[in-house]
Amino acid sequence: MAFIEARGLTKSYAKGENVVKPLDGLDLDVAEGRFVALMGPSGSGKTTLLNLIAGIDAPSGGSLKVGGRELAGMSRAELARWRSEHVGYIFQLYNLIPVLTAYENVELPLLLFPGSRADRHRKVALALDLVGLAERHDHFPRQLSGGQEQRVAIARAIVTDPSLLVADEPTGDLDKESAQSVLTLLSRLHRELGKTLVMVTHDPRAASWAEETVHLEKGRIVRAEPAGSAS
Ligand SMILES: Nc1ncnc2c1ncn2[C@@H]1O[C@H](COP(=O)(O)OP(=O)(O)O)[C@@H](O)[C@H]1O
Ligand SMILES: [Mg+2]
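Asker: Could you clarify how one ought to interpret the sheet that holds strand β2 (residues 18-30) in this entry?
Answerer: Paired through their backbone hydrogen bonds, the strands of a sheet run either parallel or antiparallel. Read from one edge to the other, the open sheet built from 4 strands follows the order β2-β1-β4-β5, with strand pairing classed as antiparallel. Because the sheet does not close on itself, it has two edges, and the strands there are β2 and β5 (69-70). By the bridge criterion, 2 bridges tie strand β4 (residues 61-66) to β5 in an arrangement that is antiparallel. Each residue of the ladder has a partner; that of K65, found in β5, is E70. Seen against the sheet, helix α1 (residues 46-53) touches β1 (4-15), β2 and β4 and runs at an angle of roughly 60° to β2.

Shown next, in the form of structure tokens:
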């Protein structure tokens, strides 16, 4: 069975008299350990899909299994619990907390779980080391470049050792060089640590790092293609 398996997945919102359907009967399979790029025009439902896969939002209909768990029908609290154990989320604008240091930002997700301070220290140090920012642990976000902020955000996403990483335009706000270093890092997490990675991007060059590109239009998958075949 696929690691992510969506069948007839829908998400709808009431908008006055009307219903908006960002996702409209979507089918998707992502194998375990895959690196998938998700592309599509603005408003096609990419963020909505990512939020469902990550358990940030609940489906309106259909089925969505991630790692063997059916997410459709889970309560908000169950979803939050599941997410904290299994998913790391990487945002376009990093979403670091400005009054916390790099170390404290990365430590944050660990505070949801029981564990000693020493245990947390070991995990935070490992994550910051992995993203190459061990010596910046006491810097605040404003003292870091955009690329460094995103790498701290990636450390925060992996500190709990989740099996799934989702990233919403993680290089959308970065210069070419920083984007390159973030993509190198994401691709390493996928290759060396076996993380399943779903990355939304507008940039065909960023997408070319993935093993597969899935195109979304009006809330449905319109085509999927292996890496290297992107036109
Ligand atoms: N909370 C919401 N309430 C109402 N409509 C929403 C909500 N979230 C998203 N939408 C609508 O769903 C569509 C898809 O949005 P989104 O998933 O953010 O697209 P993308 O990330 O591909 O740009 C848009 O038309 C958007 O306005
Ligand atoms: Mg979006």
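Asker: What exactly am I supposed to notice about the nonpolar core here?
Answerer: Generally speaking, soluble globular proteins have nonpolar side chains that are buried together. Counting residues in hydrophobic clusters, the biggest one holds 37 residues, and the most contacted among them are V106, V124, L128, V152, I154, L186 and M199. Mapped by element, the contributors of at least two residues to this core are β3 (35-39), α3 (102-107), α4 (117-130), α5 (146-158), β7 (164-168), α6 (176-193), β8 (196-200) and α7 (204-207). Counting 30 residues, the second largest nonpolar core, distinct from the first, contains L28, L38, L50 and A54.

Asker: Mind showing me how you'd approach the sheet that holds β7 here?
Answerer: Strand order across the open sheet formed by 6 strands is β6-β7-β8-β3-β9-β10, with mixed pairing between neighbours. The open sheet has two free edges, formed respectively by β6 (87-90) and β10 (220-226), since each of these has just one partner strand. If you compare each strand with its neighbour and ignore which way they point, the axes differ by 20° on average. Of the strand pairs in this sheet, β3 and β8 are connected by 4 bridges, and their pairing is parallel. Note on β8: the bridge partner recorded for F35 is L197. Strands in contact with helix α2 (residues 76-86) are β6 and β7; relative to β6, the strand with the most contacts, it is inclined by about 85°. Against the sheet, α6 touches β3, β6, β7 and β8, its axis set at about 150° to β8.

Asker: For this particular structure, what's the right way to read the pairing of β4?
Answerer: Bridge count between β1 and β4: 5 bridges; the pairing is antiparallel. Paired with E5 across the strands is K65, a residue of β4. Joining the antiparallel neighbours β4 and β5 is a turn of 2 residues, in which G67 adopts a positive phi near 55°.

Asker: Is there a simple way to think about unusual backbone geometry in this case?
Answerer: Phi is positive for N95, which is not a glycine, with a value near 55°. In this structure, N95 sits in the loop between β6 and α3. Given the relative accessible area of 42%, N95 is considered partly exposed.

Asker: For this particular structure, what's the right way to read the side chain of R120?
Answerer: Residue placement: R120 occurs in helix α4. Classification of R120 by relative accessible area gives buried; the value is 15%. Within the structure, R120 has its side chain in polar contact with the side chain of E107 (distance 2.9 Å). Beyond its immediate sequence surroundings of up to four residues, R120 is in contact with Y103, E107, L110, L111 and G115.

Asker: I'm lost on the pattern of salt bridges in this one. Help?
Answerer: A side chain with one charge may pair with a side chain of the opposite charge, provided their charged atoms come close. In total, this model carries 13 salt bridges according to the counting rule given. The closest approach of N and O atoms between E212 and R34, which form a salt bridge, is 2.9 Å. On the criterion of sequence distance, the pair formed by E212 in strand β9 (residues 212-217) and R34 in the loop between β2 and β3 is long-range, its members being 178 residues apart. The buried category is assigned to E212, whose relative accessible area is 15%.

Asker: Help me out: how do you make sense of the pairing of β9 in this one?
Answerer: Consecutive residues of a regular strand have side chains that alternate between opposite faces of the sheet. Burial runs high along β9: 5 of the 6 residues are buried. Two elements, β3 and β9, share 4 bridges in a ladder whose sense is parallel. Bridge assignment links M39 to a residue of β9, and that residue is H215. Both β9 and β10 contribute to a ladder of 6 bridges, which runs antiparallel. What sits directly across from E212, in β10, is P226. Hairpin connection from β9 to β10: 2 residues lie between these consecutive antiparallel strands, with K218 at a positive phi of about 50°.

Reading the values: the criteria
- Residues numbered from 1 in each chain as written.
- Chains lettered and ligands numbered in written order.
- Predicted model: local features only at pLDDT ≥ 70, side-chain atom pairs only at ≥ 80, totals over all residues.
- Heavy atoms only, no water.
- Pairing = 2+ DSSP bridges.
- Helix = DSSP H or I, 4+ residues; strand = E, 2+ residues; numbered from the N terminus.
- Contact = heavy atoms within 4.5 Å.
- Axes fitted to C-alpha atoms, helices over the stretch in contact; angles between N-to-C directions.
- Core = buried A, V, L, I, M, F, W, Y, C linked by side-chain atoms within 4.5 Å.
- Buried < 20%, exposed > 50% of the residue type's maximum accessible area, 1.4 Å probe, protein only.
- Polar contact = N/O pair within 3.5 Å; in protein donor to acceptor, adjacent residues only side chain to side chain.
- Salt bridge = Lys/Arg side-chain N within 4 Å of Asp/Glu carboxyl O.

By themselves these figures say nothing about function.
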